[in-house]
Amino acid sequence: MEIPFVLLQTILVPAVAAPLVALMGKRIGKYVGWIASAILIYTTSLLLIAGSTIWTTALPISETYTWSAVSFTLEFGFIADNLSLPVALIMNLICTAASIYSIHYMKHRIDELYGEENKSMHGLYHALYLLFPIGLVGVALSSNLIAMYLFIELVLIPSYFLLDFFGYRERHRVATMYFIWNQVAAGLFLIGAILASTATGGSFSINALSTISGQPIAFWVCLLILVGWLIKMAAFGLHVWLPYAHGEHLAHIAAIIATIAGLGSYVIVRLLAVPLAADFQVFGLPIMVLGLITMVYGGLLTLAQDDVKRLYACSTISQTAYSLVGIGSLTAMGLAGGVFYFVSHILGKSILLCIAGVLMMQTGSRDMNKMGGLAKKMPFTAALAILGSMILSAIPPLSGLQAEWVMFVGIFQGGTLQGALQFAIPVIAIFATFLTAAYTFWPVKRIFFGPLSSELEDVKEAPKSMTLPLFILALVSLLFGIYPDVVMHFLSAFF
Amino acid sequence: MLIDIHLLAWLCWIFPLLGAAMAILLIRIGRPIRDYAVVFFTFLGFLMALLMLPEIVRAESFNSPAFWISLPGGGSISIGMLIDPLSIILANIVAFLSLAIMIYSVKYVEHEPGQDRYWFFMSIFITSMLLLVLADNLILMFIGWKMVGICSYALIGHYYSDEEEHWLGGPDPFPFRTPSRAGLKALLVTTFGDVSLLGGIVFLYTYSGTLSFLELYQTADVWLAALATDPGALTLLSVLLLGGPIAKSAQFPLHEWLPEAMAGPTPVSALIHAATMVKAGVYFIARLIPVFFYATWIANYPEAFTFFAVTAAVGAITAFLTGTQAMVAVELKKVLAYSTMSQIGYMILGLGLAGFTSHSMTLGLTAGIFHLISHGIFKAALFLCAGVIIHTTGSIYMSEMDLSRRSMRYTWIFMWVATMSLMGIPPLSGFWSKEEILSLSFETGQFILFALALVTVAFTAFYSVRFMGKVFHKNDEENQEDKEASPIMLVPYGILAVLSVAVGAIGPWFGEQIEHIFEAYFVDFLGFEVHSGTAGSIAPAAQSTVPLTLLLPLLSLVMIVIGALPAYRFYVSHASSSEALVEGSGILQRIQMFLRKRWYINSSINRVFVDGTIRYRHLVQKYIEDPLDCLFNEGIPRLFSGLSKGLRRLQTGLLSINIQYILLFILLALISIVFLVVP
């Protein structure tokens with residue numbers, strides 16, 4: 001099927017719709033969420049069609065548009081190839097599911113904060129929300145560093161405002177903190193991009209990046225872009241913003257923030273590990289070590305949490321670092337596995353963070369010490385929480401295991417090829433994954449099993465509009481788990 | 001062949017999967033129909049396994065993998081079913097025991113809560129277990145391996161609300177444990193092993209470039225040579241790979257999850273924690289033995305012997321360790337659980353011995369697998385009997401069970417038959433299989449292992465007679481009220497008990513057949529040659545077989561009597577009182593406490609890992625996270641506000657000071673012009 005401007009549509013349709021959604025919200029209130037979700041379902045199917053084209057033809061889809069021809073030619077374009085398409089598709093899917101989930105969730109939150117009569121806030125929320133898929137998909141698909149930078153910044157706008165308007169405790173302060181951290185990260189990325197363009201002769205195109213390979217400046221480009229994204233990926237030492245941002249954001253926006261963190265693995269692969277492979281070599285071992293430290297530290301930190309939202313927030317730190325270790329191995333399997341792991345993890349993490357939102361909404365508490373026995377009252381929610389935990393803990397038939405073993409083959413290859421000292425890293429890393437099972441299934445017991453306390457006697461199951469989208473995410477993960485070639489077909493062709 | 005054998009193997013696990021779908025889909029139609037539909041699909045799975053059985057005599061492997069996943073660099077992984085003697089035997093055992101236990105379940109779960117969950121997870125479990133044994137490559141096997149684990153988690157925690165009647169452990173001063181905690185513990189301990197196993201699989205793959213068992217066998221010379229060039233690699237591989245089976249089969253030191261796993265419904269304990277899942281480790285080790293045997297004895301990499309040394313030692317230690325604990329346990333299901341670990345220890349010991357001499361591979365394999373078969377049958381029977389007994393008496397403690405042989409006549413008979421098989425009384429199946437392991441350990445000259453195994457025979461006899469006495473022979477004549485189980489429950493364990501006798505009747509022949517088939521398959525078909533020429537180093541007893549064949553069985557019979565006689569006097573004839581004996585002796589008291597505290601292994605692990613985590617988990621937050629948080633999110637803002645406060649002081653508003661600034665500026669500007677621009 002040939003659809004004109006398929007990639008541009010994916011970006012533009014939500015952008016055009018956003019102001020309309022804001023206006024319509026004034027009239028129809030929360031129902032505007034269905035319109036926003038319908039738009040996202042449309043863009044998801046566009047990407048699906050693009051995906052099937054790439055699958056059959058094995059050729060990337062690229063679209064180029066002239067942006068400025070006045071003082072110097074600046075072209076921007078989109079490229080959907082074997083690497084960017086699966087990433088874009090999964091992120092758009094998660095945005096879609098979270099959008100449907102948010103209809104009821106936001107009703108609850110807006111009623112709480114702004115009163116039941118307030119309809120315009122719904123419009124504002126859904127309009128702002130539509131900027132997320134634009135930004136995320138834009139980062140994945142853009143073929144040009146400046147466009148990528150703009151999309152990165154575009155994501156920051158709704159995440160700042162939504163946190164400030166609708167977040168939880170200390171939301172104004174946390175919003176500022178989040179904004180500054182991410183602004184610094186984006187700034188480093190921009191400096192790296194400009195530095196790269198000085199060496200490529202003024203071109204910001206990602207394809208031109210490989211021409212600077214071997215020049216001394218490539219090291220600095222790598223370093224700046226890497227550090228910028230390590231902040232966004234919450235690597236150890238640069239992670240302190242993330243528990244706050246996840247913890248105080250709306251539950252499903254926290255899932256989007258986790259997606260941004262994971263997106264780092266895509267960007268590093270796209271910009272650094274592949275085009276600048278030779279220059280990136282020196283960063284391999286430090287990234288692996290940092291990733292390993294973050295994995296263990298994130299795991300221990302997660303175990304320390306009693307707050308159901310912060311719990312899954314801290315687990316993002318650990319899980320994103322898995323991908324870092326995979327990428328740090330700099331083997332084809334490690335890179336492919338790192339991206340696959342991001343795709344898989346984000347499905348599970350979105351489910352879990354949204355479940356945290358359900359729990360907050362239905363029980364009115366976020367302290368796990370006050371929960372217990374909820375499986376009786378909320379069987380679907382409990383099942384979803386277990387499914388999400390299974391994805392993170394790499395329990396088949398869901399996708400976690402497939403991603404993990406592909407990635408660990410790469411990590412072990414990287415270790416074996418480089419000598420004895422590096423060999424300790426894969427072994428420690430694989431044992432560190434044990435922490436994941438501990439910090440996902442222990443909370444499941446604390447929240448859902450055991451006797452039900454009398455205060456929770458009136459808790460009700462979440463509405464279907466909240467659980468069904470999450471269930472679909474679990475089904476997607478099941479598909480990837482049973483037939484992992486759905487993802488690996490693309491990734492294998494790229495690497 | 002009526003149906004293509006490859007198709008049979010696929011259908012064998014797909015049918016139970018359909019059963020799982022039925023468990024959900026047919027809820028609305030009605031409970032009895034649903035239950036029987038699920039059982040019917042289990043039966044179809046068994047039928048498929050049974051149809052594969054004739055192929056076993058051909059001692060060949062059938063494998064036609066299909067594309068599954070493409071990998072970077074043009075590689076790909078295919079998956080399929082591997083049909084060879086080992087997988088056929090295991091598939092039949094699993095499918096048969098599953099069917100028996102599923103039939104039994106129909107009645108058992110009739111009044112239990114959460115039946116939908118029960119049928120769903122039992123079916124998924126059977127699917128995964130069959131997938132595990134039929135998988136033709138390591139990663140597919142691992143998928144089955146992890147899935148049985150998650151089913152086990154779900155079924156142990158079946159009574160997740162932790163009502164007091166489902167608690168385990170106790171009585172005071174011993175701690176009570178809840179089902180949800182037991183499920184979590186089982187999941188975490190086995191996950192630890194799984195992580196190690198996955199590491200081993202991935203590590204192996206980086207050298208071998210293949211995950212398929214057959215390809216691993218065929219290219220063993222190439223990849224083993226590559227592995228052997230890196231010192232320590234073979235040892236590391238052995239340890240990583242063995243971590244999985246040790247945890248899954250509840251072997252020392254990762255064995256402490258199994259006693260608590262008894263918190264699930266009894267059919268679950270029978271199927272998962274006695275008959276099948278815990279044997280996955282035995283199966284996997286058996287799968288690997290040809291490779292490591294080749295490495296040790298044919299390719300001559302001495303490091304590969306680690307695999308066998310660890311296996312045999314772990315098996316013997318576990319058999320002994322858990323045998324002692326079974327002698328003092330007070331809960332019926334716990335006795336059976338300890339006994340399961342102990343018997344699996346025997347199997348693992350047998351398999352480990354396979355690599356101790358250059359000609360013992362098939363002997364070791366046979367011993368391990370034969371004991372797996374006979375144990376699967378009699379232990380499933382014992383658990384099913386225990387389920388009925390616990391249900392009838394309403395207590396988990398043997399001391400509160402007031403049954404007599406007249407109140408449950410058939411159950412009494414069947415349970416005794418199974419118990420005698422467990423003790424190893426000839427001519428029941430347990431005798432022959434245990435004897436193979438004992439004689440192998442003697443023949444290979446491993447006298448320490450042999451001694452441990454032999455002492456465990458006495459322990460087994462003691463705890464077997466003890467639990468039978470405590471359950472049925474407390475007050476023989478008083479309780480005559482008929483409490484017999486319903487036929488649908490009685491028939492499954494009746495059949496199992498009869499089968500135990502039947503296999504026993506043909507025991508020596510049966511064992512020989514297995515050995516022939518393994519010989520024909522692994523040696524003749526796959527070409528893992530046995531070098532009889534180099535056999536001289538060990539096996540001093542190999543020549544003097546005539547007295548040995550008589551002496552060893554006699555020795556184990558003596559051990560049975562040594563174990564059974566005191567137990568008979570204490571618990572069956574009540575000729576003397578064990579309590580009085582223990583009361584009277586300080587040492588015995590201490591030993592009893594030591595054993596009942598499970599050698600303090602459980603409490604130590606608990607203290608370090610569980611209590612340690614709970615107590616110290618906040619330290620990370622307090623001493624690393626919070627200071628970092630403070631440094632970045634408060635320190636930097638404070639720095640800036642401090643700077644701005646300092647700078648603000650310059651803004652005084654006094655004209656005289658401002659003029660001084662202007663003069664200072666002009667001065668600096670002049671100096672810089674002079675120094676920078678003029679030259």
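Residues numbered from 1 in each chain as written. Chains lettered and ligands numbered in written order. Predicted model: local features only at pLDDT ≥ 70, side-chain atom pairs only at ≥ 80, totals over all residues. Heavy atoms only, no water.

Asks: Explain the overall build of chain B to me, using residue names and the numbers behind them.
Replies: Check the secondary structure of chain B and you find 25 helices and four strands. For the C-alpha atoms alone, the extent of chain B along its principal axes is close to 115 × 60 × 60 Å. Per-residue burial over chain B gives 59% buried out of 679 residues. Contacts in chain B between residues far apart in sequence, at least 24 positions, make up 80% of those at least 6 positions apart. Roughly 26,100 Å² of accessible area belongs to chain B as shown, and the carbon and sulfur atoms make up 69% of that amount. Placing the 37 positive and 45 negative side-chain charges of chain B at their respective mean positions leaves the two points 12 Å apart. (Helix = DSSP H or I, 4+ residues; strand = E, 2+ residues; numbered from the N terminus. Buried < 20%, exposed > 50% of the residue type's maximum accessible area, 1.4 Å probe, protein only. Contact = heavy atoms within 4.5 Å. Areas by Shrake-Rupley, 256 points an atom, 1.4 Å probe, with all protein chains shown as cover. Lys, Arg positive; Asp, Glu negative; His and termini not counted. Charge placed at Lys NZ, Arg CZ, Asp CG, Glu CD.)

Asks: Account for the overall build of chain A, naming residues and giving values.
Replies: Along the backbone of chain A there are 17 helices and two strands. At 21 Å, chain A has a C-alpha radius of gyration in line with the 23 Å of a compact globule built from 495 residues. Counting only C-alpha atoms, chain A reaches 65 × 55 × 45 Å along its principal axes. Considering chain A as a whole, with its 495 residues, one finds that 67% of them fall into the buried category. Across chain A, contacts joining residues at least 24 apart in sequence account for 81% of those joining residues at least 6 apart. Side chains of chain A carry 22 positive and 22 negative charges; the gap between the two charge centres is 8 Å. (Rg over C-alpha atoms; globule rule 2.2 N^0.38 Å.)

Asks: Break down the pattern of salt bridges for me, citing the residues and quoting the values.
Replies: Residue and element names in this part refer to chain A. Summed over all chains, the structure comprises 24 salt bridges over all chains. Close ionic contact of Asp 307 with Arg 169 constitutes a salt bridge, the shortest N to O distance being 3.0 Å. With Asp 307 in the loop between helix H10 (277-303) and helix H11 (308-328) and Arg 169 in the loop between helix H5 (145-166) and helix H6 (171-200), this residue pair connects regions lying 138 residues apart in the sequence. When its relative accessible area of 45% is taken as the criterion, Arg 169 is described as partly exposed. For Lys 377, the salt bridge goes to Glu 457, with nearest N and O atoms at 3.5 Å. Taken together, the positions of Lys 377 in the loop between helix H12 (332-363) and helix H13 (379-392) and Glu 457 in the loop between helix H15 (420-448) and helix H16 (464-482) put the pair 80 residues apart, joining distant regions of the chain. Look at Glu 457 and you get partly exposed, because its relative accessible area is 41%. (Salt bridge = Lys/Arg side-chain N within 4 Å of Asp/Glu carboxyl O.)

Asks: Quick one: what's the story with the environment of Trp297(B), residue by residue and with numbers?
Replies: Residues and elements named next belong to chain B. For Trp 297, the location among the structural elements is in helix H12 (residues 280-298). Here Trp 297 falls in the buried class, since its relative accessible area comes to 18%. For the pair Trp 297 and Trp 223, spaced 74 residues apart in sequence, the C-alpha to C-alpha distance is 16 Å. Those residues in contact with Trp 297, other than ones at most four positions away along the chain, are Gly 355, Phe 356, Thr 357 and Ser 358. Polar contacts involving the side chain of Trp 297 include one to the main-chain carbonyl oxygen of Gly 355, which spans 2.7 Å. (Polar contact = N/O pair within 3.5 Å; in protein donor to acceptor, adjacent residues only side chain to side chain.)

Asks: Explain a nonpolar patch on the surface residue by residue, including any values.
Replies: Nonpolar side chains collect at one region of the surface, where Leu647(B), Leu650(B), Leu655(B), Ile659(B), Tyr661(B), Ile662(B), Leu663(B), Phe665(B), Ile666(B) and Leu670(B) lie side by side and expose about 1,000 Å² of accessible area between them. Among the elements that line the nonpolar patch, the one with the most residues is helix H25 (residues 655-677) of chain B, at eight residues. (Patch = residues over 30% accessible without salt bridge, like charges linked within 9 Å, V, L, I, M, F, W, Y side chains within 5 Å.)

Asks: Account for the interface of chain B and chain A, naming residues and giving values.
Replies: It is common to give the size of an interface as the accessible area that goes away when the parts come together. Between chain B and chain A, the contact holds 52 residues from the first and 64 residues from the second. Counting each side, the surface lost to burial between chain B and chain A is near 4,900 Å², with a carbon and sulfur contribution of 73%. Summed over the shared surface of chain B and chain A, the number is two salt bridges. We note a salt bridge from Glu163(B) to Lys376(A), for which the minimum N-O separation is 3.7 Å. Inspection of the chain B/chain A interface yields 14 residue pairs in polar contact (both at pLDDT 80 or more). Looking at the side of chain B that touches chain A, the elements that each hand over two or more residues are strand S1 (66-70), helix H5 (138-156), helix H6 (179-208), helix H9 (233-248) and helix H24 (601-648) of chain B. Split into classes, the residues belonging to the side of chain B that touches chain A amount to 31 nonpolar, 12 polar and nine charged. (Buried area = accessible area lost by both parts, 1.4 Å probe. Nonpolar A, V, L, I, M, F, W, Y, C, P; charged D, E, K, R; others polar.)

Asks: Give a detailed account of the packing of H12(A) against H16(A), specifying residues and quantitative values.
Replies: Residue and element names in this part refer to chain A. Orientation of H12 relative to H16, taken along the N-to-C sense of each, is 160°, at an axis distance of 10 Å. By the angle between their directions, the pair H12 and H16 is classed as roughly antiparallel. The two elements H12 and H16 cross, and the hand of that crossing is left-handed. Across from Phe 340, Val 343, Leu 347, Ser 350, Ile 351, Cys 354, Ile 355, Val 358 and Met 361 in H12, the residues of H16 making contact are Met 466, Leu 470, Leu 473, Ala 474, Val 476, Ser 477 and Phe 480. Grouping the constituent residues of the contact of H12 with H16 by class yields 14 nonpolar, two polar and no charged. (Axes fitted to C-alpha atoms, helices over the stretch in contact; angles between N-to-C directions. Parallel < 35°, antiparallel > 145°, perpendicular 65-115°, else oblique. Left-handed = near helix turned anticlockwise from the far one by under 90°.)

Asks: Requested: an account of the nonpolar core, with residues and values cited.
Replies: Residues Phe189(A), Leu271(A), Trp405(A), Phe448(A), Leu224(B), Phe467(B) and Tyr493(B) are the most contacted members of the largest nonpolar core, which totals 436 residues. Once residues within four sequence positions are removed from consideration, Phe189(A) is found in contact with Leu145(A), Met148(A), Tyr149(A), Ile152(A), Leu224(A), Ile225(A), Trp229(A), Val267(A) and Leu271(A). (Core = buried A, V, L, I, M, F, W, Y, C linked by side-chain atoms within 4.5 Å.)

Asks: Outline the packing of aromatic side chains, listing residues and values.
Replies: Residues and elements named next belong to chain A. Across all of its chains, the model carries 55 aromatic pairs over all chains by this definition. A centroid spacing of 5.8 Å and a plane angle of 65° characterise the contact between Tyr 129 and Phe 132, whose relative ring orientation is edge-to-face. Of the two residues, Tyr 129 and Phe 132 both sit in helix H4 (residues 120-141), three residues apart, roughly one turn of that helix. The exposure class assigned to Phe 132 is buried, which follows from its relative accessible area of 0%. (Phe/Tyr/Trp six-rings, centres within 6.5 Å; stacked < 30°, edge-to-face > 60°.)

Asks: Talk me through the domain arrangement of chain B; I want residue IDs and the actual numbers.
Replies: Residues and elements named next belong to chain B. Each domain of chain B was delimited in the assignment, giving domain 1 (5-161 + 171-532), domain 2 (597-648) and domain 3 (651-679). The distance between the C-alpha centroids of domain 1 and domain 2 comes to 44 Å. If you look at the interface, domain 1 gives 15 residues, while domain 2 gives eight residues. Interface area for domain 1 against domain 2, summed over the two sides, is near 860 Å², with a carbon-plus-sulfur share of 51%. Among the salt bridges present, the one from Glu 256 reaches Arg 598, with a minimum N-O distance of 2.8 Å. For the interface between domain 1 and domain 2, the tally reads six residue pairs in polar contact (both at pLDDT 80 or more). Of all elements in the fold, only H6, helix H10 (257-260) and helix H13 (305-326) reach the threshold of two or more residues within the side of domain 1 that touches domain 2. (Domains from an automatic or database assignment.)

Asks: For H24(B), give the residues involved together with the corresponding values.
Replies: A rise of 1.5 Å per residue sets the reference length of H24(B), with its 48 residues, at 70 Å; its end C-alpha atoms lie 66 Å apart and thus fit the reference within 8%. Among all positions of H24(B), only Ile601(B), Asn602(B), Asn606(B), Gly612(B), Arg617(B), Val620(B), Gln621(B), Glu625(B), Leu628(B), Asp629(B) and Asn633(B) are buried. (Expected span 1.5 Å × (residues − 1).)

Asks: I'd like a description of unusual backbone geometry, backed by residues and values.
Replies: Between Pro396(A) and Pro397(A) the backbone carries a cis peptide bond, its omega angle lying at 5°. Structurally, Pro397(A) can be placed in the loop between H13 and helix H14 (399-418). At the junction of Pro426(B) and Pro427(B), the peptide bond is cis and its omega measures out at 5° in the coordinates. Mapped onto the fold, Pro427(B) is located in the loop between helix H16 (409-423) and helix H17 (429-443). Positioned with a positive phi, Phe5(A) is a non-glycine residue whose angle comes to about 50°. Residue position: Phe5(A) is located in the segment before helix H1 (6-28).

Asks: Before we move on, can you summarise the pairing of strand S2 (residues 76-79) of chain B with the specific residues and values?
Replies: Residues and elements named next belong to chain B. Alternating residues of S2 divide into Ile 77 and Ile 79, all buried, and Ser 76 and Ser 78, none buried. With four bridges connecting them, S1 and S2 associate as antiparallel partners. Residue pairing across strands places Ile 69 opposite Ile 77, the latter belonging to S2. In this antiparallel pair of consecutive strands, S1 and S2, the connection spans five residues, and Gly 73 shows a positive phi of 85°. (Pairing = 2+ DSSP bridges.)

Asks: Could you give an account of the environment of Val202(B), with specific residues and numbers?
Replies: Turning to its location among the elements, Val202(B) is positioned in helix H6. On the basis of relative accessible area, Val202(B) is assigned to the buried category, the value being 2%. As for Val202(B) and Ile139(B), which are separated by 63 residues in sequence, their C-alpha atoms are 9.0 Å apart. The contact partners of Val202(B), leaving out residues within four places of it in the chain, are Trp405(A), Phe408(A), Val409(A) and Phe412(A).

Asks: I'd like to hear about H4(A), residue by residue, with values.
Replies: Here H4(A) contains 22 residues, and its C-alpha end-to-end distance of 32 Å stays within 8% of the 32 Å for a straight helix at 1.5 Å per residue. Among the 22 residues of H4(A), 20 are classified as buried, and the element is accordingly described as predominantly covered.

Asks: Describe the packing of helix H9 (residues 251-273) of chain A against H11(A), and please don't skip the residues or the numbers.
Replies: All names here are of chain A. Two elements in contact, H9 and H11, have axes separated by 10 Å at closest approach and are oriented at 10°. Relative to H11, the element H9 lies roughly parallel. Residues Ala 251, Ala 258, Ala 261, Gly 262, Ser 265, Ile 268 and Val 269 of H9 form the contact with H11, whose own contacting residues are Lys 309, Thr 316, Thr 320, Ser 323, Leu 324 and Ile 327. Its residues assigned to classes, the contact of H9 with H11 shows seven nonpolar, five polar and one charged.

Asks: Quick rundown of the side chain of Ser315(A)? Include the residues and the values.
Replies: Within the secondary structure layout, Ser315(A) lies in helix H11. Beyond its immediate chain neighbours, meaning those up to four positions away, Ser315(A) contacts Thr302(A), Lys349(A), Leu392(A) and Tyr439(A).

Asks: Just give me the short version of the side chain of Gln9(A), but keep the residues and values in it.
Replies: When you line up the elements, Gln9(A) lands in helix H1. The buried category is assigned to Gln9(A), whose relative accessible area is 18%.

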